[in-house]
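Report on the structure
The lines below spell out each chain.
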Amino acid sequence: MRKYLLILFFVLPGIILAQQNNTETVPVTGKIVEEESNLPLVYATVSFIDDKGKVVAGGISDENGNYNIEVPKGIYTIQYDFISYKSVKLIEQRIFEPTNLPLVKKTLDATSLDEVVVRAETTEVQIRLDKKIYNVGKDLTTSGATISDALSNIPSVTVDVDGTVNLRGNENVRILINGKPSTIAGYGDADALKQLPAEAIDRIEVITSPSARYDAEGTAGILNIILKKEKTLGLNASVMTSVGVPLNTGISGNVNLRTDKFNVFNSMGYRYRNRPGGGTFENRFFSPNIVNPLVIEDREYDRLNKGFNINLGIEYFINDKSSVTASGFYRKGKDDDEITNVTNEFDPSDILAISRDRIEFEKEDGDNLQLSLNYVNNFNTDGHKLTADFQYGIDEETNTSLIEEMNTFPIMEQLPSEEITSIEDGNDYLAQVDYVLPIGENAQFEAGYRGTFRKTTTDYTLRDEIGTSGIFVRNDSLSNIFTYEENTNALYSQYGNKFGAFSFLLGLRMENTVLIGDVTGEDLNTDNDDEFTINFDKDYLNLFPTVNLVFELNEYENITFGYNRRINRPRHWYINPFPSRSSEANIFQGNPNLDPAFADAYDLGYLKRWGKLTLTTSVYYQYETDAFARIQEDTGELTSNGIPIIRSLPINLSTNQRYGFEAGILYNPKKWLRLNSSFNFYKFESEGEFNNVDYGTEDTSWFARFSSKVTLPANFEWQTNMFYRGPRNTAQTEYKGIFSMNLALSKDIMNDNGTITFNVSDLLNSRKRRSLTETETFLSDTEFQWRERQITLSFTYRFNQKKQRERGQRNGGNDDDMDFQG
């Protein structure tokens, strides 16, 4: 059956093309730029109007401002439109042969100048066939912040207190850098996103209905982070410094030199940050055999992070149609953390029986290197293109911990210590080829291949102290080496076309994935892990169809529909069977029996613009099989001090259904006031069991954000961001709502070349996760705060990068998809 589906899909575009109209047409080409900056206007519309006022043909300009449109022979009025710019018309143009029209220069419409300023300085949304693009713009609250902070300001996206990124309330999201999986983002690792500066971002693409061009990974969808790369001729640069409380300093900069043949770009940064946090964990055990049934743990985190990153690249223009780009990214991080855990045990009468201190001194050194090579060949100016990419990455991380423990009540007693060393080495390769073939006026065919090959080795060594002698011996029953390989080969094809107001993009992707896990050790004790298959070798071949439709009701209103099938593969830390400990009695253990989860997702969207008000809405539904869920269970084991050990474990549920509605509003009532808000409501239902325990549940939750930006006299600007995530439940745990507020104030100085910004992140110090977990054997009440309130003062200076340039470039950037801008 799969064979016939593949044959049908790859033959179908040819059948469609054969049926197309044979009306005699001629190509009309030209270019559209902004008069003030002479920069190209991207996605400006070109309409050919006959003597009856009917639009006979039309199209849009590409990323270089060029257009190439097939037009029936005749005499037309040609109209050029771009929102907030004056309309331009060429009267009585005789089109009877291939024609290259003169350069069109568009000027701003003074009546809509307020809107242009807003678009240059706040998040702008563009609607495409398969994604929404948010040009982050001048978000004051992310000055001196990280990519993780910037993501938390994007509609549909939430970032948990520990840095976990969620899309529409679902953490199974794929994070890409410049359209590819990358060591830069740590393959979705929350810690990696906290180490990269937000200033490096050009735009963020929220892809809830990915086309076949993208990886099928991530059942929630994809977040594609596009990094900055200047396109303007000449030399330009900027530098930013920041200082904050708790101690937080940093400096970052970028420089770009572009000539007719070369584009050299470089960015680098250094950060020194202290990130204090803490939490309380209260566990009550119901077993009558427990001497002290109430255990309360108070943790304090004192984290010191130092990091350096550099990105250097050069683009060489072979000719006016092709180029090759080579780039390298390097990041080095060094963490020195001290985690203090004070444990108090209470007897059945809630009287303090034992008090114990546990201090963990943790050092982490990490190095990441990524080398990339890209080739682009534009066969012509109408989008006929071939691109090829190769990427190689290395990441090395060494984590050492010394854990000291002592009883402080009723007697002072030093307890044996532990030394833990974890060395993780990974390397990955990516090879990709994409071919795009425009057909006729509006159709486009695309096909390609992507191969990703990643291998990670984790060498975990535990050494126990003999008494309190200071002599440590290797614990061979827990020390191990875990090797994980994930190799994916993918082929895809897609075809899109536009008939009047209706556009579609149909695609099919085939992926073959091999997952290999191998554990070695001198004396591994797996007696308690009979439910696990320690070593595994899994092979999957799957098809992933995609459908994306757009119907334009008018120039300012459209309806979109998307369907796609997705996969969620377990990451290596989810399947490593050996436990990691946040404390002696709380452990996380991977599950090597985890299988990939599969989801079918549907999305119906609506966009409407009224002058200075833009509304986006969406209704979505997802049905997922073998969905991941993290559960907690009593292992039945006790620590050396008699405390029950609670294990967190990822499992496959049988099904998970998710329904939701989201809406966003951009409203700019005055030149000095800009408002942005969004709301997301969802319901989920899950079914499944593990170890004879039913983990089926259903719940509803919601989250909302609001942002306002006010321009004050004397070039001051004030921005307020508020976010609230409503209460939510899983099969075992109830999470309370979370509210946070960020404030920022900025002033432009030095002829707009410099900007001073003062911001406060989490003004009320309320960004805390509070949860209650209940099972048959224990009750756990927790409160956790990853990072305390942060105050930052930053200064940015631009060399030949005046802010006015932002307006002309707001739609810049290469994007090879068949696009539609709503």
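For every chain, the first residue of its written sequence is number 1, and the numbers climb from 1 along that sequence. Predicted model: local features are reported for residues with pLDDT of at least 70 only, side-chain atom pairs are reported and counted for 80 or more only, and whole-chain, interface and lining totals are derived from all residues. Only hydrogens and water are set aside when side-chain values are computed; all heavy atoms of the structure are taken into account.

A look at the overall build of the protein
Cut-off, in case you're wondering: Labels follow the DSSP assignment, with helices taken as runs of H or I lasting at least four residues and strands as runs of E lasting at least two, numbered in each case from the N terminus. Contacts are residue-level and defined by heavy atoms, with any inter-residue pair within 4.5 Å sufficient. Methods summary: accessible areas were calculated by the Shrake-Rupley approach with a probe of 1.4 Å, and residue burial reflects only the protein chains presented.
On a plain count of helices and strands, the protein comes out with six helices and 49 strands. Put simply, of all contacts in the protein between residues at least 6 apart along the chain, 67% involve residues at least 24 apart. Surface exposure of the protein reaches about 34900 Å², of which carbon and sulfur atoms provide 56%.

Regarding the sheet that holds strand β3 (residues 55–60)
Note the following rule: We call two strands paired when DSSP finds no fewer than two bridges between them. The axes used here are C-alpha line fits, helices contributing only the stretch in contact, and every angle between their N-to-C directions lies in the interval 0 to 180 degrees.
If you trace the four strands from one edge of the open sheet to the other, you get β3-β2-β5-β6, paired in antiparallel fashion. With one partner strand each, in any of the chains shown, β3 and β6 (88–95) form the two edges of the open sheet. Between one strand axis and the next, the sheet turns by 20° as a mean value, whatever way the strands run. Direction of pairing for strand β5 (residues 74–81) relative to β6: antiparallel, over a ladder of six bridges. Looking across to β6, one finds that G74 is bridged to I95.

A closer look at the environment of F778
The cut-off we apply is this: Categorising residues by exposure relies on relative accessible area from a 1.4 Å probe, with only protein chains included: less than 20% of the type maximum marks a residue as buried, more than 50% marks it as exposed, and the intermediate range marks it as partly exposed.
Along the polypeptide, F778 turns up in strand β48 (residues 778–785). A relative accessible area of 1% places F778 in the buried class. Taking the C-alpha atoms as reference, F778 lies 6.8 Å from N283; in sequence the two are 495 residues apart. Each residue touching F778, except ones within four places of it in the same chain, is listed here: R284, F285, F286, Q632, E633, D634, I646 and T773.

Quick notes on the pairing of strand β21 (residues 322–346)
On a regular strand, one side chain projects to one face of the sheet and the next to the other, so that they alternate. By the bridge criterion, 24 bridges tie strand β20 (residues 294–317) to β21 in an arrangement that is antiparallel. Each residue of the ladder has a partner; that of R299, found in β21, is N341. One ladder, built from 25 bridges, connects β21 with strand β22 (residues 352–378); its direction is antiparallel. Across the sheet, the residue bridging to R331 is N368, located in β22. The turn linking β21 back onto β22 is made up of five residues, and D350 within it adopts a positive phi angle of 60°.

What about a negative patch on the surface?
This is how the line gets drawn: Residues with no salt bridge and a relative accessible area higher than 30% make up the patches, which join like charges within 9 Å and nonpolar side chains (Val, Leu, Ile, Met, Phe, Trp, Tyr) within 5 Å. We count a salt bridge whenever a side-chain nitrogen from Lys or Arg sits within 4 Å of a carboxyl oxygen from Asp or Glu. Here Asp and Glu are counted as negative and Lys and Arg as positive; His is not counted, and neither are the chain ends. To locate a charge, take NZ of a lysine, CZ of an arginine, CG of an aspartate or CD of a glutamate.
Taken together, the side chains of D298, E300, D302 and E338 present a region of like negative charge at the surface. Of the residues forming the negative patch, the biggest block, three residues, is contributed by β20.

Let's talk about unusual backbone geometry
The omega angle of the peptide bond from V245 to P246 is -5°, so this bond is cis rather than trans. Looking at where P246 falls in the secondary structure, it is placed in the loop between β16 (234–245) and β17 (248–258). A cis geometry characterises the amide bond from F409 onward to P410, with omega recorded as 5°. Within the secondary structure, P410 sits in the loop between β23 (385–409) and β24 (413–439). Non-glycine residue N715 carries a positive phi angle of around 65°.

Focus on the environment of I49
For I49, the location among the structural elements is in strand β2 (residues 45–49). Beyond its immediate chain neighbours, meaning those up to four positions away, I49 contacts K54, V55, I75, Y76, T77 and Q79.

Overview of the pattern of salt bridges
Taken as a whole and assessed by the stated rule, the structure comprises 32 salt bridges. Residues R569 and E217 are paired through a salt bridge, measuring 2.8 Å at the closest nitrogen-oxygen approach. Of this pair, R569 sits in the loop between β30 (557–568) and α5 (572–575) while E217 sits in the loop between β14 (201–207) and β15 (221–227), and the two are 352 residues apart along the sequence. What makes E217 buried here is its relative accessible area of 4%. Taken together, the salt bridges that share partners define one network made up of R174, D215, E217, R450, R509, E511 and R569.

A word on the packing of aromatic side chains
Our working rule: Two rings belonging to Phe, Tyr or Trp (six-membered ring only in the last case) form a pair when the distance between their centres is within 6.5 Å. Interplanar angles under 30 degrees mark stacking, angles over 60 mark edge-to-face geometry, and anything in between is tilted. Here, a charge over a ring is recorded when the distance from Lys NZ or Arg CZ to the ring centre is within 6 Å and its angle to the ring normal is within 35 degrees.
What the rule picks out here adds up to 20 aromatic pairs. Lying across the ring of F536, K538 places its NZ or CZ 5.4 Å from the centre. Stacked on the ring of Y735, the Lys or Arg R728 has its end atom at 4.3 Å from the ring centre.

Here's the deal with the pairing of strand β33 (residues 597–610)
With 10 of its 14 residues buried, β33 lies for the most part within the structure. Pairing geometry for β30 and β33, over 12 bridges, is antiparallel. Looking at the pairing, R565 lines up with D600 of β33. Both β33 and strand β34 (residues 613–625) contribute to a ladder of 13 bridges, which runs antiparallel. Along β34, the bridge assignment pairs D600 with Y623.

Some details on a nonpolar patch on the surface
There is a patch of nonpolar side chains on the surface, built from F499, F502, F551, L553, I559, L604, V619, F661, F679, F681 and W702 and spanning about 940 Å² of accessible area. Among the secondary structure elements, those contributing two or more residues to the nonpolar patch are β29 (536–554) and β38 (673–687). Here F679 lies in strand β38. Accessibility expressed as a relative area gives 34% for F679, which makes it partly exposed.

What about the side chain of N374?
What counts, and what does not: Any pair of N or O atoms that falls within 3.5 Å is considered a polar contact. Within protein, one atom must be able to donate a hydrogen and the other to accept it, and sequence-neighbouring residues count only if both atoms are side-chain atoms.
The residue N374 is located in strand β22 in this model. A distance of 2.8 Å separates polar atoms of two side chains, one belonging to N374 and the other to D389. Contacts of N374, omitting those with residues within four sequence positions, involve S323, V324, T325, A388 and D389.

Topic: the environment of Y301
Here Y301 is to be found in strand β20. Y301 sits 24 residues away from G277 along the chain, and the two C-alpha atoms are 4.8 Å apart. Sequence-distant contacts of Y301, that is, excluding residues within four places in its chain, are made with R275, P276, G277, G278, G279, E338, I339 and F784. A distance of 3.4 Å separates the side chain of Y301 from the side chain of R299, its partner in a polar contact.

Structural notes on the side chain of Q785
Structurally, the position occupied by Q785 is in strand β48. Taking relative accessible area as the criterion, Q785 reaches 9% and is therefore assigned buried. Only 3.5 Å separates the side chain of Q785 from the backbone oxygen of R787, close enough to count as a polar contact. What Q785 contacts, discounting residues up to four positions off in sequence, is G277, G278, D762, N765, R767 and K768.

Considering the confidence of the model for the protein
The test is simple: One number per residue, pLDDT, summarises how confident the predictor is, and it ranges from 0 to 100.
Taken residue by residue, the protein gives an average pLDDT of 83. The fraction at 70 or more is 85%. Within the protein, the element-level pLDDT minimum falls on helix α2 (residues 113–121), averaging 32, and the maximum on strand β26 (residues 472–474), averaging 94. Every residue in residues 1–22 scores below 50 in pLDDT, and together they form 20 contacts with partners more than four places removed in sequence or on other chains. When the criterion is pLDDT under 50, residues 525–529 qualifies, and its contacts beyond four places in sequence or with other chains add up to five contacts.

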